[in-house]
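# Per-entry structural report
What follows is each chain in one-letter form.
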Amino acid sequence: MTSVEQRQIQLAEAESSQRQHFDCLSHYETMSSVNEIAEYTKFNLLKPRLFQDGNQWCVLFGENLQSGIAGFGNTPHLAILDWNKAWHKSLIK
């Protein structure tokens, strides 16, 4: 095998590796987008209240903080994520 042929093989392997890396990054980006859509779906369907509570944002589904499901965060996005976590927590302790 000549050095030119060896170099072509090395380039083909490098290109394949780069393509796989790009595919992984593309998949990660797609999954991040899907996850973000999923995080907001429940919020959009149930339409809980979003408001500032002191120095944080609050998402509340229900009449009040004691009987409802609430999430808090420094941004509306973080409050929604916290609310989603609270939604899935068991009521039984």
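Residues numbered from 1 in each chain as written. Predicted model: local features only at pLDDT ≥ 70, side-chain atom pairs only at ≥ 80, totals over all residues. Heavy atoms only, no water.

With that settled, consider the overall build of the chain. Along the backbone of the chain there are 2 helices and 3 strands. Each helix and strand of the chain, placed in order from N terminus to C terminus, yields the pattern α-β-β-β-α. Computed over the C-alpha atoms, the radius of gyration of the chain is 23 Å, more than 25% above the 12 Å expected from 2.2 N^0.38 for a compact globule of 93 residues. By residue count, 15% of the 93 residues in the chain fall in the buried class. (Helix = DSSP H or I, 4+ residues; strand = E, 2+ residues; numbered from the N terminus. Rg over C-alpha atoms; globule rule 2.2 N^0.38 Å. Buried < 20%, exposed > 50% of the residue type's maximum accessible area, 1.4 Å probe, protein only.)

This paragraph deals with the packing of aromatic side chains. A complete count under the given rule lists 3 aromatic pairs for this structure. Relative to Trp-87, the ring of Phe-61 lies with its centre 5.5 Å away and its plane at 70°, an arrangement referred to as edge-to-face. Of the two residues, Phe-61 sits in strand β2 (residues 56–61) while Trp-87 sits in helix α2 (residues 76–88), which places them 26 residues apart along the sequence. Take Phe-61: its relative accessible area is 31%, and that puts it in the partly exposed class. Aromatic side chains Trp-83 and Trp-87 sit 5.6 Å apart centroid to centroid with 55° between the ring planes, which places their arrangement in the tilted category. Of this pair, Trp-83 and Trp-87 both sit in helix α2, 4 residues apart, which is roughly one turn of the helix. When its relative accessible area of 0% is taken as the criterion, Trp-83 is described as buried. On the accessibility criterion, Trp-87 (30% relative accessible area) is partly exposed. (Phe/Tyr/Trp six-rings, centres within 6.5 Å; stacked < 30°, edge-to-face > 60°.)

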